[in-house]
Every structure is written in structure tokens, then in C-alpha cells.
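Per-entry structural report
The chain contents come next:
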Amino acid sequence: MILGDNIRTLRIGKGWTQVYLADRLQITAPFLAQIESGKRGMSLELIESVAELFEIPVASLFIEQFPLQQINRPEIRAVEIQTLEKQLKETISENITRAFERLK
């Protein structure tokens, strides 16, 4: 859900429609709508494409309530990036643990 919310926030911040962003990502607008609503996941390749298109770090797409309007500022401090990295590692670890628990 965080990923979809952040993509929607970024898209709206640029004034882009779902159709426009979907076209840039070479996916369909209905698929993008499902991503933004949290109903569909994304491949790592597509996540990287989104980050590249918005010129932001991949990790920032996974941080809840991260001030996305500040990502494009060149003066993001190293501390902010370290915090992002820590939060992303925690999220990944939790998701991997849950996945293994479901497989058991």
C-alpha cells in the first residue's frame, strides 16, 4: 500500500495522469491503477523504472509518510538517506520473515 500511495503522490505532484505515467512505464493504465490502490504488486524492474523516472532513490518508494516533495532537492542530508536505508532494511526483513512463516 505504501508503494502505491507514494507512486500516486509522485504522479499527482508532477501533474501526470495515470495514462501518461503508464505509457512512460510501458504498462496499462488499469494495471497502474491497481498498483496505486495496493491491489497489485510490481516487479523489481518496474520499481526501478519508477524511481528512475521520478529521479528518486528506490528506497524512498517504500517509506511511509516520507516527505516526497523533498526527494528532488539536492540538499537531502546523509542522515535522511541513512534513515531511509534503515527503515527499508527493517521492512524487507519483516516481509521476508512473514513470507517464510506463510511457507511453513
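Conventions and cut-offs
- Residues numbered from 1 in each chain as written.
- Predicted model: local features only at pLDDT ≥ 70, side-chain atom pairs only at ≥ 80, totals over all residues.
- Heavy atoms only, no water.
- Patch = residues over 30% accessible without salt bridge, like charges linked within 9 Å, V, L, I, M, F, W, Y side chains within 5 Å.
- Areas by Shrake-Rupley, 256 points an atom, 1.4 Å probe, with all protein chains shown as cover.
- Salt bridge = Lys/Arg side-chain N within 4 Å of Asp/Glu carboxyl O.
- Lys, Arg positive; Asp, Glu negative; His and termini not counted.
- Charge placed at Lys NZ, Arg CZ, Asp CG, Glu CD.
- Helix = DSSP H or I, 4+ residues; strand = E, 2+ residues; numbered from the N terminus.
- Phe/Tyr/Trp six-rings, centres within 6.5 Å; stacked < 30°, edge-to-face > 60°.
- Buried < 20%, exposed > 50% of the residue type's maximum accessible area, 1.4 Å probe, protein only.
- Arc of directions from axis to C-beta.
- Contact = heavy atoms within 4.5 Å.
- Polar contact = N/O pair within 3.5 Å; in protein donor to acceptor, adjacent residues only side chain to side chain.
- Axes fitted to C-alpha atoms, helices over the stretch in contact; angles between N-to-C directions.
- Parallel < 35°, antiparallel > 145°, perpendicular 65-115°, else oblique.
- Left-handed = near helix turned anticlockwise from the far one by under 90°.

1. Description of a negative patch on the surface
Taken together, Glu45, Glu48, Glu52 and Glu55 make up a surface patch of like negative charges. The residue Glu45 is located in helix α4 (residues 44–54) in this model.

2. Concerning the packing of aromatic side chains
How two aromatic rings sit relative to each other is given by the distance of their centres and the angle of their planes. Using the criterion set out here, one finds 2 aromatic pairs in the structure. Members of the aromatic cluster, each reached through a chain of ring pairs, are Trp16, Tyr20 and Phe54.

3. Some thoughts on helix α3 (residues 29–36)
Among the residues of α3, Phe31, Leu32, Ile35 and Glu36 are the ones counted as buried. Buried residues of α3, seen end-on, are gathered within an arc of 140° and therefore sit on one face of the element. At its buried positions, α3 is contacted by α1 (2–14), α2 (18–25) and α4. Between the side-chain oxygen at the start of α3 and the backbone nitrogen of Phe31 there is a gap of 3.2 Å, and the oxygen is on Thr28.

4. Section: the pattern of salt bridges
Counted by the stated rule, this structure contains 4 salt bridges. Arg11 is paired through a salt bridge with Glu36; the nearest N and O atoms lie 2.7 Å apart. Highlighted residues: Arg11 in helix α1 and Glu36 in helix α3, separated in sequence by 25 residues. The burial state of Arg11 is the same as that of Glu36; both residues are buried. Each member of the salt-bridge network shares a partner with another, and the members are Asp5, Arg8, Arg11 and Glu36.

5. Description of the environment of Ile35
Considering the arrangement of structural elements, one finds Ile35 in helix α3. Take Ile35: its relative accessible area is 3%, and that puts it in the buried class. Each C-alpha atom of the pair Ile35 and Leu3 lies 8.0 Å from the other, and the pair is 32 residues apart in sequence. For Ile35, the residues in contact, after removing those within four places along its chain, are Gly4, Ile7, Ile27, Arg40, Gly41, Met42 and Leu46.

6. Some words on unusual backbone geometry
Although it is not a glycine, Gln26 adopts a positive phi angle of roughly 60°. Note that Gln26 resides in the loop between α2 and α3. Overall, Gln26 belongs to the exposed group, its relative accessible area being 75%.

7. Focus: the packing of α2 against α4
It is the contact of α2 with α4, at a shortest axis distance of 10 Å, that shows an interaxial angle of 115°. Comparing the axis directions of α2 and α4 gives the class roughly perpendicular. In this structure, the crossing between α2 and α4 has a hand that is right-handed. Residues Leu21, Arg24 and Leu25 of α2 pack against Leu46, Ser49, Val50, Leu53 and Phe54 of α4.

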